[in-house]
Amino acid sequence: MELLGVAVELLAMFAGFGLLIGILFGFFGMGGSFLVTPALLVMGYDANVAVGSGLAFVFGTSVIATLKHRDLGQVDYKLGVLMIAGTTGGIEVGKIGLEYLQHLGLADSIVSVAYVGLLGSIGAFVTYTATRGGGGGLSHDVGDGDARDADDGPEIPAIARRIQSYHIPPMISVRGGFTVSLWLVLAVAFATGLLSGFLGVGGGFIRMPALFYLVGVPVPVAVGTDLFEIVFSGGIGSFLYAQSGAVDLSIVVPLLAGSALGARIGAGATGLVDEDDIKVYFGVMLLLGALAVAVRQVGGYLGVEAFDLVSLAIILGAALLVSGAVVVSSVRELRDASPPTESPSAD
């Protein structure tokens, strides 16, 4: 009976965690493995199981979200196929690297340190740009009228403008009305594929900003195309890890069950909330993710098991904080958009 109770608690916890991550996934157009994988590491799962299960979770959630973005016309299939080509090679190289580190007994430590550096740097960047109030954030609408060009198109970041000015053939046309070097697209794809295979992340939390900040792809198209690519990268990655028995369905299934509902809530919120209002919370979430992994590593070096619980609490708190902000902001927008009740005329 005790084992049954523990199993039920784990299922409920994973489903609830999936719900929170699903809200974030639907709202930001990014997978949740950057939270799932470190959470599984904190809970004591082997690095390969945490990575493989994280990729399987990303695959399932990305299928649902991509279908919605396809209906909105926000998927550039040509760009997506090129991203898939570059990502596939990166995933395989990343997987080989992780397996080599496992043989050396260094996988857990290096994956954790890499998470701290990656999440921390991106979180700091997103938070900095959000608090500056400048254009070019992660929102689907990219700010207000001041952050757009005269033709009402989204403002292209200065870095992306400069990169677009470098004509290194072959050039490809991208939905959004510009051309970019094929080699740049493949480089971004390979780098994020490397992260996907090595860290068990879909790569969306770095690839989508990279497509906007570096390539200049309009944010809605960057989100939809990124999700389309994640379907394949997550599928390939999870299949490779499943072959070695590293995908735990007792983890993945309840996560997907919760995420399916959460993704619908998050996707619905994108049409209600100005994401500029909560970009800073997203950046803080990434910083908290980095802090959680760092706390776990320090606890491991010091031999203090209580640090693992603190780390898990930070991860769950980060997901709850931002997903809660999305829901609250949605409710507020719905309330503000409601037509005011007319008072009886004095006449």
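Residues numbered from 1 in each chain as written. Predicted model: local features only at pLDDT ≥ 70, side-chain atom pairs only at ≥ 80, totals over all residues. Heavy atoms only, no water.

Here we look at the overall build of the protein
Logical step 1: Scanning the protein from terminus to terminus reveals 12 helices and two strands.
Logical step 2: The helix and strand sequence of the protein, counted from the amino end, reads α-α-α-α-α-α-β-β-α-α-α-α-α-α.
Logical step 3: Relative to its 347 residues, the protein shows a buried fraction of 51%.
Logical step 4: Of the contacts made within the protein by residues no fewer than 6 positions apart, 80% connect residues no fewer than 24 positions apart. (Helix = DSSP H or I, 4+ residues; strand = E, 2+ residues; numbered from the N terminus. Buried < 20%, exposed > 50% of the residue type's maximum accessible area, 1.4 Å probe, protein only. Contact = heavy atoms within 4.5 Å.)

A short note on the UniProt feature "transmembrane region" (unreviewed entry) in the protein
Logical step 1: According to UniProt, the positions carrying the feature "transmembrane region" (unreviewed entry) are residues 12-36, 48-67, 110-130, 180-199, 211-231, 251-273, 280-303 and 309-328.
Logical step 2: Strand forms 0% of residues 211-231 and helix 86%; the C-alpha atoms that close the span are 17 Å apart.
Logical step 3: Secondary structure across residues 280-303 divides into 96% helix and 0% strand, with the first and last C-alpha atoms of the span separated by 34 Å. (UniProt positions renumbered as here; feature names shortened; annotations may be inferred.)

Some points on the packing of helix 3 (residues 47-71) against helix 9 (residues 219-243)
Logical step 1: Closest axis-to-axis distance for the helix 3/helix 9 pair is 7 Å, and the angle between their directions is 145°. Seen along the crossing, helix 3 lies across helix 9 with a hand that is left-handed. Touching Asn48, Val51, Gly52, Leu55, Ala56, Val58, Phe59, Ser62, Val63, Ala65, Thr66 and His69 of helix 3 are Val223, Gly224, Leu227, Phe228, Ile230, Val231, Gly234, Gly235, Gly237, Ser238 and Tyr241, all from helix 9.
Logical step 2: Residues belonging to the contact of helix 3 with helix 9 are distributed by class as follows: 13 nonpolar, 10 polar and no charged. (Axes fitted to C-alpha atoms, helices over the stretch in contact; angles between N-to-C directions. Left-handed = near helix turned anticlockwise from the far one by under 90°. Nonpolar A, V, L, I, M, F, W, Y, C, P; charged D, E, K, R; others polar.)

Focus: the packing of aromatic side chains
Logical step 1: The full count for this structure, using the stated rule, is one aromatic pair.
Logical step 2: Just above the ring of Tyr241 sits the side chain of Lys95; from NZ or CZ to the centre is 5.8 Å. (Phe/Tyr/Trp six-rings, centres within 6.5 Å; stacked < 30°, edge-to-face > 60°. Lys NZ or Arg CZ within 6 Å of the ring centre and 35° of its normal.)

So, the pairing of strand 1 (residues 171-174)
Logical step 1: Burial along strand 1 is one-sided: the face carrying Ile172 and Val174 is buried and the face carrying Met171 and Ser173 is not.
Logical step 2: With antiparallel pairing between neighbouring strands as the criterion, strand 1 and strand 2 (residues 178-181) make up a hairpin whose turn holds three residues, including Gly176 at a positive phi of roughly 135°. (Pairing = 2+ DSSP bridges.)

Describing the pattern of salt bridges
Logical step 1: Per the counting criterion, the structure on display carries two salt bridges.
Logical step 2: In this structure, the salt-bridge partner of Asp71 is Arg70, at a minimum N-O distance of 3.3 Å.
Logical step 3: Since its relative accessible area comes to 45%, Arg70 is described here as partly exposed.
Logical step 4: The partner of Glu99 in a salt bridge is Lys95, with the nearest N and O atoms 2.5 Å apart. (Salt bridge = Lys/Arg side-chain N within 4 Å of Asp/Glu carboxyl O.)

Some points on the packing of helix 3 against helix 10 (residues 249-269)
Logical step 1: Contact geometry of helix 3 with helix 10 gives a least axis separation of 10 Å together with a crossing angle of 35°. As for how helix 3 packs across helix 10, the hand of that crossing is right-handed. Residues Val49, Ser53, Ala56, Phe57, Gly60, Thr61, Ile64 and Lys68 of helix 3 form the contact with helix 10, whose participating residues are Ile251, Val252, Leu255, Leu256, Ser259, Ala260 and Ala267.
Logical step 2: For the contact of helix 3 with helix 10, the residue count by class is 10 nonpolar, four polar and one charged.

Considering the environment of Val51
Logical step 1: Within the secondary structure, Val51 is located in helix 3.
Logical step 2: The class of Val51 is buried, set by a relative accessible area of 1%.
Logical step 3: Spatially, the C-alpha atoms of Val51 and Gly237 are 9.1 Å apart, while their sequence positions differ by 186 residues.

Let's talk about the environment of Asn48
Logical step 1: Mapped onto the elements, Asn48 comes out in helix 3.
Logical step 2: Separated by 47 residues in sequence, Asn48 and Lys95 have C-alpha atoms that sit 9.4 Å apart.
Logical step 3: Beyond its immediate stretch of four places on either side in the chain, Asn48 contacts Gln102, Tyr241 and Ala246.

Looking at the side chain of Lys95
Logical step 1: Take Lys95: it is sitting in helix 4 (residues 77-104).
Logical step 2: Apart from the residues within four sequence positions on either side, Lys95 is in contact with Gly197, Phe198, Leu240 and Tyr241.

So, unusual backbone geometry
Logical step 1: Here the bond from Pro169 into Pro170 is cis, since omega is 0°, no more than 30 degrees from zero.
Logical step 2: Turning to its location among the elements, Pro170 is positioned in the loop between helix 6 (158-164) and strand 1.

Considerations on a nonpolar patch on the surface
Logical step 1: A cluster of nonpolar residues, Tyr100, Leu104, Leu106 and Ile110, forms a patch on the protein surface that exposes about 380 Å² of accessible area.
Logical step 2: Within the secondary structure, Tyr100 is located in helix 4. (Patch = residues over 30% accessible without salt bridge, like charges linked within 9 Å, V, L, I, M, F, W, Y side chains within 5 Å. Areas by Shrake-Rupley, 256 points an atom, 1.4 Å probe, with all protein chains shown as cover.)

Considerations on helix 3
Logical step 1: The first and last C-alpha atoms of helix 3 sit 37 Å apart over 25 residues, in line with the 36 Å expected at 1.5 Å per residue.
Logical step 2: Of all bends in helix 3, the biggest is about 25°, found at Ser62.
Logical step 3: Positive phi appears at Gly73, one or two residues downstream of helix 3, with a value of about 70°. (Expected span 1.5 Å × (residues − 1). Bend = angle between axes of the 7 residues up to and from the residue.)

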